[in-house]
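Chains, contacts and geometry: an overview
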Amino acid sequence: MATVLFENARVFDGVSADCRDGVAVLVDGERIVEISEVPIIAPQARRIDVAGRTLMPGLIDLHVHAYASDVSAARIDLADTAYRTAHAVRMLGHALDCGFTTVRDIGGGDWSLARAIVDGIIRAPRFFYAGKIMSMTGGHGDTRSMAESQHIHGYCSCGSMNALCVIADGVDECIKAVREELRRGAHCIKIMGSGGVASPTDPLWMNQYREDEIRAMVGECTERRTYVAAHCHPTSAIRRCVDFGVRCIEHGTMMDAETAEFVAERGAYVVPTLAIGFALIEAGPALGFPAVSQAKLEVAFQSSIEGLRHMRHAGIKLGFGTDLLGATYVQQCREFTLRREVFTPLEILRQATSTSAEILMQDGELGCVREGAYADLIVVDGDPLADIDLLAADGANVPLVMRNGEIVKDVLTA
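Position labels on residues start from 1 in each chain and follow its written sequence. Totals for whole chains, interfaces and linings use every residue, but because this is a predicted model, local features are given only for residues with pLDDT of at least 70 and side-chain atom pairs only at 80 or more, for both listing and counting. Values reported for side chains reflect all heavy atoms of the structure, with hydrogen atoms and water molecules removed beforehand.

Some words on the pairing of strand β11 (residues 189-192)
Looking along a regular strand, one sees side chains alternate from face to face of the sheet. Exposure classes here rest on a 1.4 Å probe applied to the protein chains alone. A residue is buried below 20% of its type maximum, exposed above 50%, and partly exposed in between. Helix numbering and strand numbering both begin at the N terminus, where a helix is a DSSP run of H or I of at least 4 residues and a strand a DSSP run of E of at least 2. Side-chain alternation along β11 places I189 and I191 on one buried face and K190 and M192 on a second face that is also buried. Between the parallel pair β11 and strand β12 (residues 228-232), the chain is carried across by helix α4 (residues 211-223), and the sense of this crossover is right-handed. Here a crossover is taken to be right-handed if, once the strands point away from the viewer, the path from the first strand over the helix to the second is traced clockwise.

Comments concerning the confidence of the model for the protein chain
In predicted models, pLDDT denotes the confidence assigned by the predictor to each residue on a 0 to 100 scale. Confidence along the protein chain averages 94 in pLDDT terms, with 96% of residues attaining 70 or more. Any two residues having at least one pair of non-hydrogen atoms within 4.5 Å are treated as being in contact. Confidence drops under pLDDT 50 across residues 151-159; counting only partners more than four residues distant or on other chains, this segment forms 24 contacts.

Structural notes on helix α7 (residues 274-287)
Taking 1.5 Å as the rise per residue, α7 with 14 residues should run 20 Å; its terminal C-alpha atoms sit 18 Å apart, in good agreement. A bend of about 55 degrees at I281 is the largest found in α7, and the proline P285 appears one to four places after it. Residues L274, A275, I276, G277, A279, L280 and G284 constitute the buried set of α7. Looking at the buried residues of α7, the elements they touch are α8 (291-300), α9 (304-314) and α10 (334-339). Residue G288 follows α7 closely and has a positive phi angle near 85 degrees. Helix span is expected to be 1.5 Å times the residue number reduced by one. We define the bend at any residue as the angle between the axes fitted to the seven residues before and including it, ending there, and the seven starting there.

As for the sheet that holds strand β6 (residues 59-64)
Backbone hydrogen bonds hold the strands of a sheet together, and the pairing may be parallel or antiparallel. The pairing criterion is simple: DSSP has to find at least two bridges between the two strands. Strand order across the open sheet formed by 3 strands is β6-β7-β8, with parallel pairing between neighbours. Looking at strand neighbours, the two that pair on one side only are β6 and β8 (126-129), the edges of this open sheet. On average, adjacent strands in this sheet sit at an angle of 20 degrees to one another, irrespective of strand direction. Pairing of β6 with strand β7 (residues 100-105) involves 4 bridges; the strand directions are parallel. Paired with V64 across the bridge in β7 is D105. Between N-to-C directions, angles cover 0 to 180 degrees, with each direction set by a line fitted to C-alpha atoms, over the stretch in contact for helices.

Thoughts on the packing of aromatic side chains
Aromatic rings from Phe, Tyr and Trp, with only the six-membered ring used for Trp, were paired whenever their centres fell within 6.5 Å, and each pair was classed as stacked if the ring planes differed by under 30 degrees, edge-to-face if by over 60, and tilted otherwise. Using the criterion set out here, one finds 4 aromatic pairs in the structure. On the numbers, 6.0 Å between centres and 35 degrees between planes, the contact of F100 with F320 is tilted. Here F320 lies in the loop between β15 (317-318) and α10 and F100 lies in strand β7, a separation of 220 residues in the sequence. According to the relative accessible area criterion, F100 is buried, its value standing at 0%. Residue class for F320 comes out buried when judged on its relative accessible area of 0%. Ring geometry for F127 and Y129: centres 6.1 Å apart, planes at 25 degrees, overall stacked. Given a relative accessible area of 4%, Y129 falls into the buried group. Clustering of aromatic rings is evident, with ring pairs tying together F100, F320 and F336. The criterion for a charge sitting over a ring is simple: Lys NZ or Arg CZ within 6 Å of the ring centre, and within 35 degrees of the ring normal. Above the face of the Y374 ring, R31 is positioned so that its terminal group lies 3.8 Å from the ring centre. When the ring centre of Y227 is taken as reference, the NZ or CZ atom of R247 above it lies at 4.6 Å.

Following this line, the structure appears as structure tokens:
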């Protein structure tokens, strides 16, 4: 890898509101090796004059489904592997051009896609994945309609697996399924802790998995030095999952003040995902989102903004996620404007950088501009601390993206 010297940069480090002007940042290989307010002497380096623009950590999206090629779970299965992979290539390339240098695929992503990214076969952000999601029979990950007694598509016909999820019931099945996903390189495990919107047969209010099943899966992850994330909408599911050891709540859509205080006291994280809700409320029927799911969506997301206010007041550490399905993937940057209703630009920037890195157990390595950290950096044409909408323009204001020390987008020096 080449040595790159960024000069005359205004640096947001991922945490501090006090940005430094006129900073030089030296990248050697995959790491940031020097940050200085005086000129850095590096005759071997490629020099890039940032000209006062903002240099900041690459963005992190903690809730993507790269293989989710449609808004309908059933049609995702029917699309088959090649189509889902083609969608993943398109979606991940778009994310990279928008400034997302890291994503966490929280259901469906696998070793082969991760390997293709590492080997440079496709353009994509740094890729963490949870493997297949754990769901109980009849849970949010069971995509069968009431008319189906077994799966007739996807990877098998036994009813135990589909494109994004594996069905596991009872402690022994749960342990085996978790161990299998960890064996396949999953960086964490996701479970379905409540009813959901896209699934056809489970009520939204339903708590899913028994205490012994959840604790068993948490225990397996603890032994692997990783964690469990749980899909949860209602407060009852959020509270019990955190109580049983879940480290990260996905969505948390119906959060109330009391539950938010409980989550904060336990030190658990939440990754809200507003973009998908608002995208489907607007365009779900036109995209073929099932009517039963559209009805549940209206219930789930009517309290989403208020839930964010409770999370902010309680001081919960929040990650940045979008959960976009099918054609809605182009609305990834909309999450910035939706969060603006509750949070300051600084709070949103921390969510999309340093706090998300902390959730990934990569604090100090990703989501920061720091000596020794990975060189995942973006240049923003303007000051996102003053105007968060700069990041909501699908990469139009992000002329340069560096991932792992490699410049993967450059319209700044072209």
